[in-house]
Every structure is written in C-alpha cells, then in structure tokens.
Amino acid sequence: MAGAVALTATLALAAPAAAHAEVEADNPQALAENVTLTFVCEAESASAGFKEVRVVLPAGIAPTDVTLGEAPKGWKLTATEDGYTVGGPAIKTGVDAEHTIKIRQLPDAKELAFKTIDTYSDGEISRWIELPTGGKEPEQPAPVLELKAAAPGAKSVAPSPTATQSAAPTTAAASPSATATESDATPAAGDTAADEDEGMSSGVLAGVIVAVLLVLGGGAWWLVKRRAASSES
C-alpha cells in the first residue's frame, strides 16, 4: 500500500512537467511529401485564452513550404523568417489551441523539433522551446516529431521558389530591350516617307528656279536682238 501511494505521488508530481505543446503527423516518415502536422497547445491560463501560436521550423523546412489547414475561427497564418505564426481573435479561456499545417516535404532526419511560443490575450507567454540536454528532460520541452526512415528511392524535391527568384528577370522580359535596339537602328516608315517628301520638295524648287532663269535669259536675249534690229534699220 505504501509503495502504491508513493508511486501515485510521484506520477502526480511528474504530470506538470509533461509537454504542453505537442505535434503529430499523418505520415511521420523522412522525405514524405504533403504531410499534415497537427499542433496542440494545452491551455494553462485560468483568466485568458490563446490569441497566437508561433512555431519555429526545423532545418529542412522553409516557411514557403507551409500552408495552413484547420485553425480556430478567424485565425490566419503569417510566414516569418524562421517559421510562421498563426493567430487571430482570442479563443475561450481553458480551450486548447489546435491547428494543422501541410508540409510540402519532410526533411531526411530522425526527428524534428518545433519550438513553440504561445501568447494569451492578457499578454502571458508560454515558451516550449527547450531540447533535452545531458539526458535530462527539460521543464518546457519543445514539441518533437519522430520520423521513420525514408522510403526506398525517396528523393528530395526541388526547393520552393523564393521571392528573389520570382523577381529575377526572365528571357521574355529582356527581349523588349533587344527590340528597342533594333527599332533605334532601323528608320521608321514615317521617317522614310518624310525624307522622300523633303527630297521631292527640294527637287521641285530647283526645277522652278531653273525654269525662271531660262525665261529671264530668253527675255534678255529677245530684248538684245530687238535693239540690234532697230539700230540696223
């Protein structure tokens, strides 16, 4: 009887040290694709409800590889440099915060630690970010997902495109410059027509001047001839 009482007391004292943020997967296998993870953060506050959960992603999972599945009503996912946050209107006091995300592909690892930070509506923060060290269990352990070995032939997929890659110029975008260069080097049809009109106008004007000179010359020759005839008579 004394042993049973001691065991019960030991378990009762150990209970508060259990993980208050947990993670599970529908396919916990290395290199598995389109895996759904479920996060559960247990409510501890007696006066406020959760309003935000921040998750730090382990190496091998980029924020762009994550999409939100189910979450408390009104909560939205926002990517961060090292993971993401999901939050919105505060949920009821005493209600656990649960949400799911879909991962594009799990990395090739034996286990993954997802450091989690919970924020309550009154500003209280719970940090589940500690990892086991020296064989001792941490007081505020981070959620850890253990993975099975990768399936035979499984390979890493190409990384998701980043904002920098998306903004990089493409061949199609560069082609207008070449077109502009060709246009600058080749005279436009309108410019050619204008040059031809200008040439025609100059030719007509020269012809008129020559005709006037011929008329004037002919008139002068006629006057000289007439005066010579008058002198002889």
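Residues numbered from 1 in each chain as written. Predicted model: local features only at pLDDT ≥ 70, side-chain atom pairs only at ≥ 80, totals over all residues. Heavy atoms only, no water.

S.K.: Looking at this structure, I do not really get the overall build of the protein chain. What am I missing?
M.R.: Helices and strands together make up the secondary structure of the protein chain, namely 4 helices and 11 strands. Each of the 233 residues in the protein chain was classed as buried or not, and the buried ones make up 23%. Within the protein chain, contacts between residues at least 6 apart in sequence are counted, and of these 69% link residues at least 24 apart. Accessible surface, the protein chain as shown: approximately 15500 Å² in total, 59% of it carbon and sulfur. (Helix = DSSP H or I, 4+ residues; strand = E, 2+ residues; numbered from the N terminus. Buried < 20%, exposed > 50% of the residue type's maximum accessible area, 1.4 Å probe, protein only. Contact = heavy atoms within 4.5 Å. Areas by Shrake-Rupley, 256 points an atom, 1.4 Å probe, with all protein chains shown as cover.)

S.K.: Can you walk me through the pairing of strand β7 (residues 97-105) in this structure?
M.R.: Side chains on a regular strand alternate between the two faces of the sheet. The sheet contact formed by strand β2 (residues 33-41) and β7 spans 8 bridges and is antiparallel. Considered in β7, the bridge of Cys-41 is made with Ala-97. Of the strand pairs in this sheet, strand β4 (residues 66-68) and β7 are connected by 3 bridges, and their pairing is antiparallel. Along β7, the bridge assignment pairs Leu-68 with Ile-101. (Pairing = 2+ DSSP bridges.)

S.K.: Teacher, can you tell me more about the pairing of strand β10 (residues 125-128) here?
M.R.: Side-chain alternation along β10 places Ser-126 and Trp-128 on a buried face and Ile-125 and Arg-127 on a face that remains uncovered. Alignment of strand β9 (residues 115-120) against β10, held across 4 bridges, turns out to be antiparallel. Note that in β10 the partner of Ile-117 across the bridge is Arg-127. Where β9 folds back on β10, the antiparallel hairpin that results is connected by 4 residues, among which Gly-123 adopts a positive phi of roughly 95°.

S.K.: Please explain the sheet that holds strand β3 (residues 50-56) as it appears in this structure.
M.R.: Through backbone hydrogen bonds, the strands of a sheet pair up, either in parallel or in antiparallel fashion. Reading across the sheet, the 5 strands line up as β5-β6-β3-β9-β10 and stay open at both edges, with antiparallel pairing between neighbours. In the strand order of this sheet, the two ends are held by β5 (76-79) and β10, each with one partner. Averaged over all pairs of adjacent strands, the angle between strand axes in this sheet comes to 15°, irrespective of strand direction. (Axes fitted to C-alpha atoms, helices over the stretch in contact; angles between N-to-C directions.)

S.K.: How should I be thinking about the nonpolar core in this particular structure?
M.R.: Taken as a class, soluble globular proteins show a tendency for nonpolar side chains to be buried jointly. Residues Leu-37, Phe-39, Ile-61, Tyr-84 and Phe-114 are the most contacted members of the largest nonpolar core, which totals 28 residues. Of all the secondary structure elements, the ones that give two or more residues to this core are β1 (21-25), β2, β3, β6 (83-87) and β7. Among the elements that make up this core, the one with the highest residue count is β2 (4 residues). (Core = buried A, V, L, I, M, F, W, Y, C linked by side-chain atoms within 4.5 Å.)

S.K.: Help me out: how do you make sense of the packing of aromatic side chains in this one?
M.R.: Aromatic ring pairs: the centre-centre distance and the angle between the two ring planes describe each pair. As enumerated under the stated definition, the model contains 2 aromatic pairs in all. Judged by centre distance (4.5 Å) and plane angle (25°), the ring pair of Phe-50 and Tyr-120 falls under stacked. With Phe-50 in strand β3 and Tyr-120 in strand β9, this residue pair connects regions lying 70 residues apart in the sequence. For Tyr-120, a relative accessible area of 0% translates into the label buried. (Phe/Tyr/Trp six-rings, centres within 6.5 Å; stacked < 30°, edge-to-face > 60°.)

S.K.: Please explain the sheet that holds β2 as it appears in this structure.
M.R.: With antiparallel pairing, 4 strands are arranged side by side in an open sheet as β1-β2-β7-β4. In the strand order of this sheet, the two ends are held by β1 and β4, each with one partner. Looking at each pair of strands side by side, their axes are set apart by 25° on average, direction ignored.

S.K.: What exactly am I supposed to notice about the environment of Gln-29 here?
M.R.: Tracing the backbone through its elements, the reader meets Gln-29 in the loop between β1 and β2. Every residue in contact with Gln-29, bar those within four places of it in the chain, is listed here: Leu-106, Leu-147, Lys-148, Ala-149, Ala-150 and Ala-151.

S.K.: I'm lost on the side chain of His-99 in this one. Help?
M.R.: Among the structural elements, His-99 can be located in strand β7. Only 2.8 Å separates the side chain of His-99 from the side chain of Tyr-84, close enough to count as a polar contact. (Polar contact = N/O pair within 3.5 Å; in protein donor to acceptor, adjacent residues only side chain to side chain.)

S.K.: What exactly am I supposed to notice about the environment of Glu-44 here?
M.R.: Looking at the secondary structure, you find Glu-44 in the loop between β2 and β3. Sequence-wise, Glu-44 and His-20 are 24 residues apart; in three dimensions their C-alpha atoms are separated by 8.5 Å.

S.K.: What is the right way to look at a negative patch on the surface in this model?
M.R.: There is a patch of like negative charges on the surface, built from Glu-22, Glu-24, Glu-70, Asp-96 and Glu-98. Relative to the helices and strands, Glu-98 is located in strand β7. Classification of Glu-98 as partly exposed rests on a relative accessible area of 45%. (Patch = residues over 30% accessible without salt bridge, like charges linked within 9 Å, V, L, I, M, F, W, Y side chains within 5 Å. Salt bridge = Lys/Arg side-chain N within 4 Å of Asp/Glu carboxyl O. Lys, Arg positive; Asp, Glu negative; His and termini not counted. Charge placed at Lys NZ, Arg CZ, Asp CG, Glu CD.)

S.K.: Looking at this model, I keep getting lost on unusual backbone geometry. Mind explaining?
M.R.: A negative phi holds for most residues other than glycine; trans holds for most peptide bonds. One non-glycine residue with positive phi stands out, namely Leu-31, at about 65°. By the secondary structure assignment, Leu-31 is in the loop between β1 and β2.

The analysis is restricted to geometry; functional conclusions fall outside its scope.
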